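For reference, the chains in residue letters:
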Amino acid sequence: MIADEQASALLMAILFRGLNPRELGTWTRAMINTGIRMDLSSVDRPTVDKHSTGGVGDKITLPLCPLVAACGPAVSQLSGRGLGHTGGTLDKMESIPGWRANVAEAEYIEQLKTVGAVMCAAGADLAPADRKMYSLRDVTATVEAIPLIASSIMAKKIAGGADALVLDVKFGSGAFVPEIERGRELAEIMVGLGEAAGVRTAALLTNMNTPLGRTAGNGLEVTESVEVLEGGGPADVVELTIALAEVMCELAGVDADPGKKLRDGSAMDSWRLMVAAQGGDPNAVMRRAPHVETVTAGESAMLSSLDARKVGEAAWRLGAGRSRKEDAVSEAAGVVWHAVPGDTVEAGQVLFELHADDPQRIPDALEALEGAAEFGDSVVGELPLILERIG
Ligand code: URA
């Protein structure tokens, strides 16, 4: 038994001194060995998993999992909940009436074999040391240490047991690690940890200066994901979903064309099966929040930037996110934006919709959105959505 004081001192030492690759490998293996490693060997197709370091409007896992399943590999997704200004996959999926996040291990394996995709809550026995460590990191202000982030994510992912893993590592204002250089370092370390553990791993370093798609909020993001699966949806969500699916298929050794599977409706068929297998109603229409406030453009001009962090903060204040693990989230609250950088808007045109169950949340959200949309002659600091691939 290691006393909290000693563990905290170690975490602080890691924040200041880092860990060399050998130490990091040992540390990550020790975290994995505190729990079980899932055995997916009875699934008769290659298994693949995905992790995103989190962002605003990042609903990519929702269309991605059924899309990859439609291409051939089985997608095993043990997910978490959102904290702070970024949303979590389980929170989004739970806005589908009837859908349940808890799936027993035998049922999990069965669903992987029959449907080819499962998104569910990670059990408490997956790298349990991480939970303990995370709460100590929280109180000792050591959450941000790159080796601690990398080992925390990878211990849980390696314990999840998939053959291959794609990482979507975000940089930008709405990202957990905003700086490109630190994002790249995190991606390289995580890819190294995955490969050393025998999991074929690659990462895409992607832009989170601007929020993804047109919505941030649980049910709103489900609706947008379904639009993508129907062959529509915002171009950036479609682009990133297909790019990650291509990497997942490649890592799984499956020759497939994800773009075609999205267009021909196969991904939608997989989504419906996946939702129904966990009690959800694939035909359900998401509940609409009773209070919707709009923000309009004061002038006719071109949108030069849309700040992901501010939009995420507004969605969180409206009730879409939580500050503490125990907090409930609203399935209907969130933000919809009607313009993206590069679009020209007319004076009086709606820029934002703020959706809330409780109208008293709206003033705080409006405050968070102040300065989120900037106008000018050119798009500020334009960087591609997908900056590079690592691994
Ligand atoms: N997500 C995790 O699972 N762990 C971290 O340390 C940071 C993000």
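It should be emphasised that the depicted structure is a prediction, and the values quoted were computed from it without experimental measurement. (Residues numbered from 1 in each chain as written. Predicted model: local features only at pLDDT ≥ 70, side-chain atom pairs only at ≥ 80, totals over all residues. Heavy atoms only, no water.)

Undergrad: Kindly report on the sheet that holds strand β13 (residues 386-390), identifying the contributing residues and their values.
TA: With mixed pairing, six strands are arranged side by side in an open sheet as β3-β2-β1-β4-β5-β13. Each edge of the open sheet carries a strand with a single partner, namely β3 (117-121) and β13. Taking each pair of neighbouring strands and ignoring which way they run, the sheet shows an average axis angle of 20°. In this sheet, β13 lies alongside strand β5 (residues 200-207) in antiparallel orientation, the contact comprising four bridges. (Pairing = 2+ DSSP bridges. Helix = DSSP H or I, 4+ residues; strand = E, 2+ residues; numbered from the N terminus. Axes fitted to C-alpha atoms, helices over the stretch in contact; angles between N-to-C directions.)

Undergrad: Can you lay out the nonpolar core for me, pointing to particular residues and giving the numbers?
TA: Core analysis: the biggest nonpolar cluster contains 73 residues, and Met93, Trp271, Val311 and Phe352 have the highest contact counts within it. For this core, the leading source of residues is helix α10 (residues 235-251), giving 10 residues. When residues are assigned to domains, this core turns out to be shared by domain 1 (4-277) and domain 2 (291-376), each giving three or more. If we skip the residues at most four places from it in the chain, Val311 touches Val56, Pro211, Ala216, Leu306, Val335, Trp337, Phe352 and Leu369. In this structure, Cys120, Leu165, Val177 and Ala187 belong to the second largest nonpolar core, which totals 47 residues. (Core = buried A, V, L, I, M, F, W, Y, C linked by side-chain atoms within 4.5 Å. Buried < 20%, exposed > 50% of the residue type's maximum accessible area, 1.4 Å probe, protein only. Domains from an automatic or database assignment. Contact = heavy atoms within 4.5 Å.)

Undergrad: Describe the pattern of salt bridges, with residues and values.
TA: With the rule as written, the count across this model stands at 19 salt bridges. Residues Glu221 and Lys92 are paired through a salt bridge, measuring 3.0 Å at the closest nitrogen-oxygen approach. Taken together, the residues span a long stretch of sequence, with Glu221 in helix α9 (residues 218-229) and Lys92 in helix α4 (residues 89-93) at a distance of 129 residues. Like Glu221, the residue Lys92 is buried in the burial classification. Ionic pairing is found between Glu179 and Arg182, a salt bridge with its closest N-O pair at 3.1 Å. The exposure class of Glu179 is partly exposed, given its relative accessible area of 40%. Several salt bridges share partner residues, and in doing so they unite Lys59, Lys92, Glu221 and Glu224 into one network. (Salt bridge = Lys/Arg side-chain N within 4 Å of Asp/Glu carboxyl O.)

Undergrad: Describe the domain arrangement of the protein, with residues and values.
TA: Under the domain assignment, the protein is made up of domain 1 (4-277) and domain 2 (291-376). At the interface, 24 residues of domain 1 touch 30 residues of domain 2. Between domain 1 and domain 2 the total buried area reaches about 1,900 Å² when both faces are included, carbon and sulfur atoms providing 56% of it. Counting across the interface, domain 1 meets domain 2 through two salt bridges. A salt bridge links Arg322 to Asp91, with the nearest nitrogen and oxygen atoms 2.9 Å apart. When residues of the side of domain 1 that touches domain 2 are traced back to their parent elements, those giving at least two are β6 (215-216) and α9. (Buried area = accessible area lost by both parts, 1.4 Å probe.)

Undergrad: Mind laying out the sheet that holds strand β12 (residues 373-375), listing which residues take part and the relevant values?
TA: Pairing is antiparallel across the open sheet formed by three strands, whose spatial order is β10-β8-β12. This sheet does not close on itself; its edge strands, each paired only once, are β10 (344-345) and β12. By the bridge criterion, three bridges tie strand β8 (residues 301-306) to β12 in an arrangement that is antiparallel. Residue Leu306 lies in a different strand from β12, and its bridge partner there is Ala373.

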